[in-house]
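# Breakdown of the fold
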Amino acid sequence: MEMHQIRYFLAVCDHGSFTRAAQFSYISQPSLTQSIKKLEDELGGELFTRDRSGCLLTSLGRMVEPNFRKIYKETVATKADAIRFTQLNNIPLRIGLMATIGAQRLSLIFAHYKHEFPNIEFELIIDCETLLLQQLESELLDLVISAPVQLLGPPYQSTLLYTEKYVVAFNNQHRFNQLGKIDLKEIQSEPYLDRLNCELRDTLRAICQDQEVNLYAAYRSNSEDWIVNLVRAGMGVALMPEYSLPANADDVRCRYLSNPEISRQIYAIYYPQNQKNTEIKNLLAVLIHR
């Protein structure tokens, strides 16, 4: 068996389907399916049963999964150690970023940190919070930056990095350009762009019900980039975290939301016993104070 076969097997385990596993692994689904089939032939049995809802591990799959995870984790750690040794002790930090965390603020902080600690390399993984925490647990990530609706308990440690307000985003020709702040009720008369990955969707829905506001979702997307580009094209308005918007974009404008103000808190989540604890503490110090 080969390491990529183990990696594809674990991707199917974590994502629940061959299609999503192939997307996560950046290969075609036929190639992933063929690799899994070869692995099954070598092990002498099927590893997954498939139906319309996704994939489930067979008895054989459940038996080999713990060993495969151990093999993969040890291989990744060995490779990282080798890279660190061969590249003059450069230390790779693997950071998971929740998909709705914007680059506007953090990219500048990462650049400052890299200037202060030039031997540190970044590997940034963008995904949903659930999958990022799974990778953190498997030691495939050193740190996760997200906006948890509820703080995680031990063994995780969470450090507050910053708070960001929600803004109303619109294009530069929109009538909202004339306003200082925007009341939630004013949005209901506009085509609304619904961010499907927004972690505060349930909270926003409850607020709208309390205020008897009906936001008609003319368009929906799980991609922050698509939402921004629909705003840019004048297709509607969106409620977004302020640092999710591109900086200095002439064709995208925003105003703070009033009545009510909505905000979220961004946390760094990690294991205190991580072997790269010194590098993580240095990064947290920069993240918090800038």
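This report concerns the structure included in the present document. (Residues numbered from 1 in each chain as written. Predicted model: local features only at pLDDT ≥ 70, side-chain atom pairs only at ≥ 80, totals over all residues. Heavy atoms only, no water.)

## Considering the packing of aromatic side chains
How we decide: For this analysis, a ring pair means two rings from Phe, Tyr or Trp (six-membered ring only for Trp) whose centres lie within 6.5 Å, classed as stacked if their planes differ by under 30 degrees, edge-to-face if by over 60, and tilted for the remaining angles. Cation placement over rings: the criterion is NZ of Lys or CZ of Arg within 6 Å of the ring centroid and within 35° of the ring normal.
Within this structure, the stated rule accounts for nine aromatic pairs. One aromatic cluster is present, built from ring pairs that chain together Phe 9, Phe 18, Phe 48 and Phe 68. The side chain of Arg 50 reaches across the aromatic face of Phe 18, ending 4.2 Å from its centre. Across the ring face of Tyr 162, the terminal group of Arg 105 is positioned such that the distance to the ring centre comes to 4.2 Å.

## Digging into the pattern of salt bridges
Where side chains of opposite charge bring their charged atoms close, a pairing between them can arise. Operational definition: Criterion for a salt bridge: a side-chain nitrogen of Lys or Arg within 4 Å of a carboxyl oxygen of Asp or Glu. Numbering goes from the N terminus for both helices and strands, where a helix is a DSSP run of H or I of at least four residues and a strand is a run of E of at least two. Burial classification: accessible surface area is computed with a 1.4 Å probe over protein chains only, and a residue below 20% of its type maximum counts as buried, one above 50% as exposed, and the rest as partly exposed.
Per the counting criterion, the structure on display carries 14 salt bridges. We note a salt bridge from Glu 261 to Lys 181, for which the minimum N-O separation is 3.6 Å. Note that Glu 261 is positioned in the loop between β11 (252-258) and β12 (263-270) and Lys 181 in the loop between β6 (157-171) and β7 (182-183), a separation of 80 residues in sequence. A relative accessible area of 45% means that Lys 181 is categorised as partly exposed. The partner of Arg 264 in a salt bridge is Glu 199, and the shortest N-O contact between them spans 2.8 Å. In this pair, Arg 264 is assigned in strand β12 and Glu 199 in the loop between β8 (192-195) and α8 (201-210), connecting sequence segments 65 residues apart. Arg 264 sits in the buried class, given a relative accessible area of 3%. Residue class for Glu 199 comes out buried when judged on its relative accessible area of 17%. Here the salt bridges share partners, and the residues they tie into one network are Asp 14, Glu 65 and Arg 69.

## Some thoughts on the pairing of β6
Residues in a regular strand point their side chains to alternate faces of the sheet. Rules: A pair of strands is treated as paired once DSSP finds two or more bridges between them.
Judged from the eight bridges that link them, β6 and β12 form a sheet pairing that is antiparallel. Bridging across to β12, Leu 160 finds its partner in Tyr 267.

## Considering the environment of Ser 31
Stated formally: In protein, a polar contact means a hydrogen-donor-capable atom and an acceptor-capable atom, both N or O and within 3.5 Å, with residues adjacent in sequence counting only if both atoms are side-chain atoms; elsewhere, any N or O pair within 3.5 Å suffices.
Tracing the sequence through the fold places Ser 31 in helix α3 (residues 29-43). On the basis of relative accessible area, Ser 31 is assigned to the partly exposed category, the value being 35%. Sequence separation of Ser 31 and Tyr 8 is 23 residues, and the distance between their C-alpha atoms is 9.9 Å. Looking at Ser 31, its side chain comes within polar contact range of the side chain of Ser 28, at 2.9 Å.

## Observations regarding the packing of helix α2 (residues 18-25) against α3
Put simply, the rule is: Note on geometry: axes are lines fitted to C-alpha atoms, helical ones only across the stretch in contact, with angles between N-to-C directions running from 0 to 180 degrees. In this scheme, roughly parallel covers angles under 35 degrees and roughly antiparallel covers those over 145, while 65 to 115 is roughly perpendicular and the rest are oblique. Note on contacts: a residue pair qualifies if any of its non-hydrogen atoms lie within 4.5 Å across the two residues. Three categories are distinguished: nonpolar for Ala, Val, Leu, Ile, Met, Phe, Trp, Tyr, Cys and Pro, charged for Asp, Glu, Lys and Arg, and polar for the others, with Gly belonging to the last.
Here α2 crosses α3 at 105°, and the two axes come no closer than 9 Å. Between α2 and α3, the angle falls in the class roughly perpendicular. On α3, the residues touching Phe 18, Thr 19, Ala 21, Ala 22 and Ser 25 of α2 are Gln 29, Leu 32, Thr 33 and Ile 36. Of the residues in the contact of α2 with α3, the class split is five nonpolar, four polar and no charged.

## A word on the nonpolar core
General note: in soluble globular proteins, nonpolar side chains tend to be found buried as a group. Definition in use: Within this scheme, the nonpolar core is defined by two criteria: the residues are buried Ala, Val, Leu, Ile, Met, Phe, Trp, Tyr or Cys, and they are joined through side-chain atoms within 4.5 Å.
One finds Leu 106, Leu 143, Ile 145 and Leu 287 to be the most contacted residues of the largest nonpolar core, which totals 25 residues. Contributing elements (two or more residues each) for this core: β3 (91-98), α5 (103-116), β5 (143-146), β6, β12 and α10 (277-289). Once residues lying within four places of it in the same chain are set aside, the contact partners of Leu 143 are Arg 94, Ile 95, Gly 96, Leu 136, Ala 268, Ile 269, Tyr 270, Ile 280, Leu 283 and Leu 284. In this structure, Cys 198, Cys 208, Leu 239 and Ile 262 belong to the second largest nonpolar core, which totals 20 residues.

## Points about the pairing of β11
Strand direction decides the pairing type here: β6 and β11, joined by five bridges, are antiparallel. Bridge pairing in β11 links Val 168 to Arg 255. With two bridges connecting them, β7 and β11 associate as parallel partners. Bridge pairing in β11 places Asp 183 opposite Ser 258.

## Looking at unusual backbone geometry
The step from Pro 154 to Pro 155 runs through a cis peptide bond, and the omega angle for that step is 10°. When you line up the elements, Pro 155 lands in the loop between β5 and β6. Each neighbour pair has its own omega, and for Asn 259 with Pro 260 the value is 5°, a cis peptide bond. On the secondary structure map, Pro 260 appears in the loop between β11 and β12. The phi torsion at Glu 139 lies on the positive side, around 65°, for a residue other than glycine.

## Digging into the environment of Asn 177
Relative to the helices and strands, Asn 177 is located in the loop between β6 and β7. Along the backbone, Asn 177 and Asp 202 are 25 residues apart, and their C-alpha atoms lie at a distance of 28 Å. Not counting chain neighbours up to four residues away, the residues in contact with Asn 177 comprise Phe 170, Asn 171, Asn 172, Arg 253 and Arg 255.

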